[in-house]
Amino acid sequence: MTDRPIRLLLADDHPVVRAGLRAVLDTEPGFTVVAEAATAERAVELAASEAVDVVLMDLQFGAGMHGSEATAAITARPGGPRVLVLTTYDTDADILAAVEAGASGYLLKDAPPEELAAAVRTAAAGQSALAPAVALRLMDRMRTPAEALTKRELEVLQLVADGLSNQQVSKRLFLSQATVKSHLVHIYAKLGVDSRTAAVAAAGARRLIRTP
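Treat the numbers as computed from the prediction; the structure is a model and nothing was measured. (Residues numbered from 1 in each chain as written. Predicted model: local features only at pLDDT ≥ 70, side-chain atom pairs only at ≥ 80, totals over all residues. Heavy atoms only, no water.)

(A) Structural view of the packing of aromatic side chains. If you walk through the whole model with that rule in mind, you get zero aromatic pairs. Residue placement shows Arg 210 over the ring face of Tyr 89; its charged tip is 3.5 Å from the ring centre. (Phe/Tyr/Trp six-rings, centres within 6.5 Å; stacked < 30°, edge-to-face > 60°. Lys NZ or Arg CZ within 6 Å of the ring centre and 35° of its normal.)

Structure, rendered in structure tokens:
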């Protein structure tokens, strides 16, 4: 075991959030914040160029790359840093995308400082660090797999919630329109609804996707 501090990269598009994180983490023994990124693209660059152990990654960066995309790019590099997602979103769609992208942990921004510090140390050690609420949602999905929306179904429904038509969804996800319609049929059956509007409302109420 080395006494070298855990080197952190803060990736969030809000300067106030980054300043708050830095203030909290700087008080923790064994941590040093070596870089900050205001975009996901910049986070990917810094993760490759700086000596970083753990990236604290937000999910939303405005119009640019999504945090889960940046996570996948960072974790795909051999010997790259661990990624701990730190976000306000606890929907199934966000959680599954982050976990599939290779995130070592998923924490909500309202976590107390001691929980954040523990999660950083756990991620740095190569172990999984999930917020209790996030772990519970994943366990619920495993208990009722037949009722749970798949990652692709969640992606389709999230885009529908964002206002995209079936044709736009098919282009965004590189699927045929027939496949999109098929996914929607399965989504309706699982949610017990019969329309796009009702599906979005039901999924939003269950925190499966983000809704306006």
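(B) Local environment of the packing of helix 7 (residues 151-161) against helix 10 (residues 196-205). Contact geometry for helix 7 and helix 10: axes closest at 10 Å, N-to-C directions at 110°. Regarding the angle of helix 7 to helix 10, the classification is roughly perpendicular. Where helix 7 abuts helix 10, its residues Leu 157, Val 160 and Ala 161 lie against Arg 196, Ala 199, Val 200 and Ala 203. (Axes fitted to C-alpha atoms, helices over the stretch in contact; angles between N-to-C directions. Helix = DSSP H or I, 4+ residues; strand = E, 2+ residues; numbered from the N terminus. Parallel < 35°, antiparallel > 145°, perpendicular 65-115°, else oblique. Contact = heavy atoms within 4.5 Å.)

(C) Representation of the sheet that holds strand 3 (residues 54-57). As summarised here, the arrangement of the six strands in space is 2-1-3-4-5-6, forming an open sheet in which the pairing is parallel. Two strands bound the open sheet, and with one partner strand each, they are strand 2 (31-37) and strand 6 (129-130). Sheet topology places strand 1 (residues 6-11) next to strand 2; six bridges connect them, and they run parallel. Paired with Ala 11 across the two strands is Ala 37, which belongs to strand 2. (Pairing = 2+ DSSP bridges.)

(D) Layout of the side chain of Asp 12. Mapped onto the elements of the fold, Asp 12 is located in the loop between strand 1 and helix 1 (15-26). Once residues within four sequence positions are removed from consideration, Asp 12 is found in contact with Val 17, Arg 18, Ala 37, Ala 38, Asp 58, Phe 61 and Lys 109.

(E) Examining the packing of helix 3 (residues 67-75) against helix 4 (residues 92-101) more closely. Packing of helix 3 against helix 4 brings their axes to within 8 Å, and their N-to-C directions diverge by 15°. By the angle between their directions, the pair helix 3 and helix 4 is classed as roughly parallel. Both helix 3 and helix 4 take part in a crossing whose hand is right-handed. Two secondary-structure elements touch here, helix 3 through Ser 68, Thr 71, Ala 72 and Thr 75 and helix 4 through Ala 97, Ala 98 and Ala 101. Grouping the amino acids of the contact of helix 3 with helix 4 by side-chain chemistry returns four nonpolar, three polar and no charged. (Left-handed = near helix turned anticlockwise from the far one by under 90°. Nonpolar A, V, L, I, M, F, W, Y, C, P; charged D, E, K, R; others polar.)

(F) Highlighting helix 8 (residues 166-173). Turning to helix 8, its buried residues are Asn 166, Val 169, Ser 170 and Leu 173. Axial view of helix 8: buried residues confined to an arc of 100°, hence all on one face. The exposed set on the far side of helix 8, more than 90 degrees from its buried face, consists of Lys 171 and Arg 172. Buried residues in helix 8 make contact with helix 7, helix 9 (177-191) and helix 10. Phe 174 occupies a position one or two residues after helix 8 and carries a positive phi of about 55°. (Buried < 20%, exposed > 50% of the residue type's maximum accessible area, 1.4 Å probe, protein only. Arc of directions from axis to C-beta.)

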